[in-house]
Amino acid sequence: MFVGRTAELASLRAELRAAGTGAARRAVVEGPEGIGKTALIHHALGGEASVRVLAVSGEESERELRLGVIRQLMDEAALLDSGTSEAPGGETGAADHRPIGGMDTAGRRPVEGPDAAPGLAAWGSGTAHEVDPCVAGHAVCDLVARLSALGTLAVVVDDAQWVDRASLRALSYVLRHLRAGRVLVLVACRDLADPWLPDGLRRLLAADGTLLVTLDGLSPADLAELATDPTLTAGHRGLGTYASLTGTPPEVPRPEAPRPDTPRPEPLRSNGTRAEPLRSNGTRPAGVVEAARRLREHTLGNPLHARALLAVLPPAVLADPGVRLPAPESYRRPFARRLHDCAPATRRLVEACAVMGGPCPLRVAAAVATGIDEPLNTLEEAVAAGLLRELPGRLVDFPEPLARAAAYDGIGAGARARLHLAASRLADDDGGAALRHRAAAADGPDEALAEELAGFAAKAAQHGLWQEAAAHLELAAGLTESPGRRDELRTAVLEHVLVGGDVIRAAELAAARNADPRPVRRYVLGRLALAAGRFDEASELLGEAWRNAEPGFAADVAEQLAWLHLVTGNRAESAHWARLSIEQPIAGPVARPYDVLALGGAPGAGAPSGSLAEAVAHLALDEAGQACAVLKRAVTAAGAAGLPHHRLLATALLAVAEHELARWDEAVAHAESALAEAFALGQRWLLPLLDAACVAPLEAKGEHERALAHAVAAVSAARGMRHAMGERQADLAMALLGAADLPAGVSCPGAGAFVPDPRPARVEALVADGRLEEAERALEAYDQDRPGGDGRLDPPDQGRPDGGGRLEANDAAEPGSGRLGERGRDGSGERRRRQAERVRLGGLVLAARNVPTEAEEAFGCALKLVEEGVCPLEEARTLLDLGRLLRRTGRRRAAAERLGAARAIFDRLGARPLAERCAQELEACGLEPPATVRLGLTPQELSTATLVAGGLTNRQIARELLISVKTVEYHLGKIYTKLGIGSRVALAAKLAAYGPEVSFPAGEAD
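Residues numbered from 1 in each chain as written. Predicted model: local features only at pLDDT ≥ 70, side-chain atom pairs only at ≥ 80, totals over all residues. Heavy atoms only, no water.

## Looking at helix α34 (residues 704–721)
For an α-helix the count is 3.6 residues per turn, leaving residues at separations of three or four pointing the same way.
Then comes step 1: Taking 1.5 Å per residue as the helical rise, α34 with its 18 residues ought to reach 26 Å, and the 26 Å between its terminal C-alpha atoms agrees with that figure.
Then comes step 2: Buried residues dominate α34, accounting for 13 of its 18 residues.
Then comes step 3: Phi turns positive, to about 55°, at Arg722, one or two residues after α34. (Helix = DSSP H or I, 4+ residues; strand = E, 2+ residues; numbered from the N terminus. Expected span 1.5 Å × (residues − 1). Buried < 20%, exposed > 50% of the residue type's maximum accessible area, 1.4 Å probe, protein only.)

And the structure:
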């Protein structure tokens, strides 16, 4: 199975197609052993029809065999030439599908004698030691030229680091002299900087015009896909397979289609892939995400070693962070050979470093190893053998995690215990290292050590290090002889893992047998059920825990019950339990009851400064700027406290605030990153809220399909869990997209915490449909629900149309004067934006009722409210509506001026749908604006674009415009982004669509 490498494959295939046009090309693929260089080349060439492959490779044992690889190359060429001559009718198809390596499916050997390929006889089989590499290279050039004349030819030299020097010099000759012909020369090596490669060859392979493909490790997503290969799991079928556990889970009930004509794509996640639903217990099949993450961290994504571990380790082991992963045999054996060849002192130093783990001072490692008289000389040998690396500050570490695993696996049990004890005596115990070493050295139960570990865990939890605390509690449980105490410690492990956010691992721990009878276990299991979206189970467990609650955790139980009632739609009960949590004599260390009150629309006095509750209050007052500042602090504080669920909620609300401030790229990034993290942690109860938070900024950017996919995912997840709060947010998101009607109770406090109010968009849609009476009623209802208490936006509103859409003269300074009262100027920016929005909506109604004078006055008042950069988005919206009004009343030049200004703002904000609407209105004006305005490009970018469309290369454009090639590349990147394209062909088509005045360089169009 071949996974990943999409960009690399595309690059190699593009070079191959370019070679097919008659221009010889060269490419280099470099990367460490096992990274997949050969597999990539095989896959790239195998996907191209009618390409003939001439492939050779170096071999470490034959590195001193002079011209050995050139002989191999000419033998393969003779075989390829023989296959061509045997094809009937002179066709070359018989050789097109031969596998890489030079042998055909019949196993034929190269042709010898007079029919051999030209050049082979020129230097003879017995005179390789006498032949000059340039003569051999010339013979290869002749062969390649003749074969490439018959069709595209790929010459592959694999493992160049093992190729003999004479063959490498001959290859240099070939690369220097092969300039024409349908040929791609592809060299694969571990490191292009390898001193074994001749300087001339390195310069050729690093020169401009050579494609360099450097392979890194596979990503966790690629490794997760690789884990489904059934050929890797044959050794542990009885223990489960990755493939069987990553199958499609039971389908989550999908919501009814909002409209018959509304497309229903599958949910998308932040990386653009289709969402994988969680199972009902909150875990993803086989914990593949965690297994892939650990595998990537352990192997650095090396496919060779990853495959080896996948073949021997069952899924549960690979996904368990408490299990130390070994080194595969493919890595351990060569590492052990290198270690064995070192001096005894060096071997002891490497073993000590393996026990210490991570970077450590050389002096400490030498002291643990004992008997090392000259640590620097010993370290030098270890570094030269590739066993260790030296870091600044005289620290030592392994070059990669597998090296440490291989070294540790090679130490006997007794020696490991002695080394761990020695390390414990030298370790700084502030971080618990001494305790961990003592635990690793223990040969049986040790109650005193177990209690020390538990004490350290309590201190770590106080600093928000919940997962570290859980690890120490796990060690303590393993050292405890009492079954009852062991179960208590494992309940604590479960609680700390859960509070630390990892619901998936917590679910796995909860499945283990535990006879702990205490009410605190019911609380922990209830907390797990809530996070996993099993609300009925959570209600039962938390209710039982509350009935038997002790003062130490009563506040936490009450807070969890408050969250439970909030997400299930009972806001009154939620507020009751939140207040009970606040009233408890011992505050819960992780409880946030004020946040529950705020999200439920019943904020309580005394909310801590910088809390999520404070930010929600700002958002309710349309103070997005203040909310944004508070939420940034809240995200940081929740991260420092080690509380991912609070941090994810704060991040989602930060996205809401950023959307209100028209920072859509930031909003999308924050919302989708929070969603991806919640999905990976198994925080299922947050998914509907986080999916809903993604909708508004995506829709604002014009990415309607992605926005709709998130809204559909929110509806599906909420209904699957009977998540009432999530359903409300999802319904608001669907209404915002125009895919459903407005849900009842939109104006309730806290109703739309994660989705902006859809009613302004609803008013605009009604006006566009000509349903003016409904639009006016919606506007009046909207007024009644805005802050102010008397049905107005803010008492009194400056220049606000009344319920029928007409201006109230007493609110403005003087109708038609364009001036605002002092109250309007003194209001906060966010409130002025809301006022401007309301005035603009009233202007839309007036324009639709054909009252242009009053409509224009309304738009003018709206512009005054958002002047001086109060809200660029609302300013641009108003300019757009004013421009449309001016165009419809025959003032085209004035309209074009407003529309051009609006479009410039929309382009800057990335509001593509609104920018396109401006372009349509400008076109309808009949006054063609300059090309720079129409395309949204600067003059320099337009000049670059027209030259590209004219067929010039970057270097030619640089000479034409008297700028550098890098500046041309920079302009091209900006042009592609602004025009939403990705190629020169698309750019030429885009310019052609705008007419001849922008399709050719300045001065060339007639």
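Picking up after the structure, the text goes on.
## Some remarks on the sheet that holds strand β7 (residues 389–391)
Then comes step 1: The three strands lie next to each other as β6-β8-β7, forming an open sheet whose pairing is antiparallel. Each end of this open sheet is capped by a strand with a single partner; those strands are β6 (360–361) and β7.
Then comes step 2: The pairing of β7 with strand β8 (residues 395–397) spans three bridges and is antiparallel. Its bridge partner being in β8, Leu391 is matched across the sheet by Leu395. (Pairing = 2+ DSSP bridges.)

## What to know about the packing of helix α20 (residues 447–462) against helix α21 (residues 466–478)
Then comes step 1: Packing of α20 against α21 brings their axes to within 8 Å, and their N-to-C directions diverge by 170°. Comparing the axis directions of α20 and α21 gives the class roughly antiparallel. Counted together, Ala450, Leu453, Ala454, Phe456, Ala457, Ala460 and Ala461 of α20 and Trp466, Glu468, Ala469, His472, Leu473, Leu475 and Ala476 of α21 form the full contact between these two elements.
Then comes step 2: For the contact of α20 with α21, a count of residues per class yields twelve nonpolar, one polar and one charged. (Axes fitted to C-alpha atoms, helices over the stretch in contact; angles between N-to-C directions. Parallel < 35°, antiparallel > 145°, perpendicular 65-115°, else oblique. Contact = heavy atoms within 4.5 Å. Nonpolar A, V, L, I, M, F, W, Y, C, P; charged D, E, K, R; others polar.)

## Here's the deal with the environment of Leu654
Then comes step 1: Its place among the elements puts Leu654 in helix α31 (residues 644–660).
Then comes step 2: Residues Leu654 and Cys628, spaced 26 residues apart in sequence, show a C-alpha to C-alpha distance of 5.8 Å.
Then comes step 3: Other than its neighbours up to four places away in sequence, Leu654 contacts Cys628, Leu631, Lys632 and His670.

## Observations concerning the pattern of salt bridges
Then comes step 1: This model, assessed by the stated rule, comprises 37 salt bridges.
Then comes step 2: Across the pair Glu672 and Arg706 runs a salt bridge, and its minimum N-O distance is 2.5 Å. A residue pair is termed long-range when its members are at least 10 positions apart, and Glu672 in helix α32 (residues 664–681) and Arg706 in helix α34 qualify at 34 residues.
Then comes step 3: Look at Glu672 and you get buried, because its relative accessible area is 5%.
Then comes step 4: Linking Glu776 and Arg849 is a salt bridge whose minimum nitrogen-to-oxygen distance equals 2.7 Å. Taken together, the residues span a long stretch of sequence, with Glu776 in helix α37 (residues 772–785) and Arg849 in the loop between α39 (829–848) and α40 (852–865) at a distance of 73 residues.
Then comes step 5: Shared partners join several salt bridges into a network, and the residues in it are Glu764, Arg840, Glu874, Arg877, Asp881, Arg884, Arg887, Arg888 and Glu921. (Salt bridge = Lys/Arg side-chain N within 4 Å of Asp/Glu carboxyl O.)

## Describing unusual backbone geometry
Then comes step 1: Phi is positive for Arg5, which is not a glycine, with a value near 60°.
Then comes step 2: With a phi angle near 60°, Leu300 is a residue other than glycine that sits in the positive phi range.
Then comes step 3: If you trace the backbone, Leu300 turns up in the loop between α10 (288–299) and α11 (303–312).

## Thoughts on the nonpolar core
Then comes step 1: The biggest cluster of nonpolar side chains holds 117 residues, and the ones touching the most others in it are Tyr523, Trp563, Leu599, Leu653 and Phe754.
Then comes step 2: Considering every element that reaches this core, the biggest residue donor is helix α33 (residues 687–700), with nine residues.
Then comes step 3: Of all hydrophobic cores here, the second largest spans 45 residues; its members include Ala662, Val767, Cys861 and Leu885. (Core = buried A, V, L, I, M, F, W, Y, C linked by side-chain atoms within 4.5 Å.)

## Topic: the sheet that holds strand β3 (residues 153–158)
Then comes step 1: In spatial order, the strands read β2-β3-β4-β1-β5; together these five strands make up an open sheet with parallel pairing. The open sheet is flanked by β2 (52–57) and β5 (210–214), the only strands paired with a single partner. Averaged over all neighbouring strand pairs, the angle between strand axes comes to 15°, with direction disregarded.

## Comments concerning the packing of aromatic side chains
Then comes step 1: Across all of its chains, the model carries four aromatic pairs by this definition.
Then comes step 2: Ring centres of Tyr331 and Phe335 lie 6.2 Å apart, and the angle between their planes is 20°; on these two criteria the pair is classed as stacked. With Tyr331 and Phe335 both in helix α13 (residues 329–340) and four residues apart, the pair spans about one turn of that helix. Across the pair, exposure class does not vary: Tyr331 and Phe335 are buried alike.
Then comes step 3: Consider the rings of Trp563 and Trp685, whose centres lie 5.4 Å apart with planes at 80°: the pair is edge-to-face. Here the residue Trp563 occupies a position in helix α26 (residues 554–567), and Trp685 occupies one in the loop between α32 and α33, the gap between them amounting to 122 residues.
Then comes step 4: Given a relative accessible area of 4%, Trp563 falls into the buried group. (Phe/Tyr/Trp six-rings, centres within 6.5 Å; stacked < 30°, edge-to-face > 60°.)

## Side note on helix α5 (residues 133–148)
Then comes step 1: Here α5 contains 16 residues, and its C-alpha end-to-end distance of 22 Å stays within 8% of the 22 Å for a straight helix at 1.5 Å per residue.
Then comes step 2: One side-chain oxygen at the N-terminal end of α5 lies 2.7 Å from the backbone nitrogen of Cys134; it belongs to Asp132. (Polar contact = N/O pair within 3.5 Å; in protein donor to acceptor, adjacent residues only side chain to side chain.)

## Some remarks on the pairing of β3
Then comes step 1: Of all six residues making up β3, six are buried, and the element is well covered by its neighbours.
Then comes step 2: Burial of β3 is two-sided: the residues Leu153, Val155 and Val157 facing one way and the residues Ala154, Val156 and Asp158 facing the other way are all buried.
Then comes step 3: In the sheet, β2 pairs with β3 via six bridges, with the strands oriented parallel. Note that in β3 the partner of Leu54 across the bridge is Val155.
Then comes step 4: Across five bridges, β3 lies against strand β4 (residues 183–189) in parallel orientation. Looking at β4, one finds that Val156 is bridged to Leu186.
Then comes step 5: Running through helix α6 (residues 165–177), the crossover from β3 to the neighbouring parallel element β4 is right-handed. (Right-handed = clockwise from strand over helix to strand, strands pointing away.)

## With respect to the packing of α26 against helix α27 (residues 571–583)
Then comes step 1: Interhelical geometry of α26 versus α27 gives an angle of 165° and a closest axis separation of 7 Å. One way to sum up the angle between α26 and α27 is to call them roughly antiparallel. Here α26 and α27 pass one another in a crossing that is left-handed. Contacts between α26 and α27 pair Ala555, Ala558, Glu559, Leu561, Ala562, His565 and Leu566 from the former with Arg571, Glu573, Ser574, Trp577, Ala578, Leu580 and Ser581 from the latter. (Left-handed = near helix turned anticlockwise from the far one by under 90°.)

Everything listed is a geometric property; what it means functionally is a separate question.
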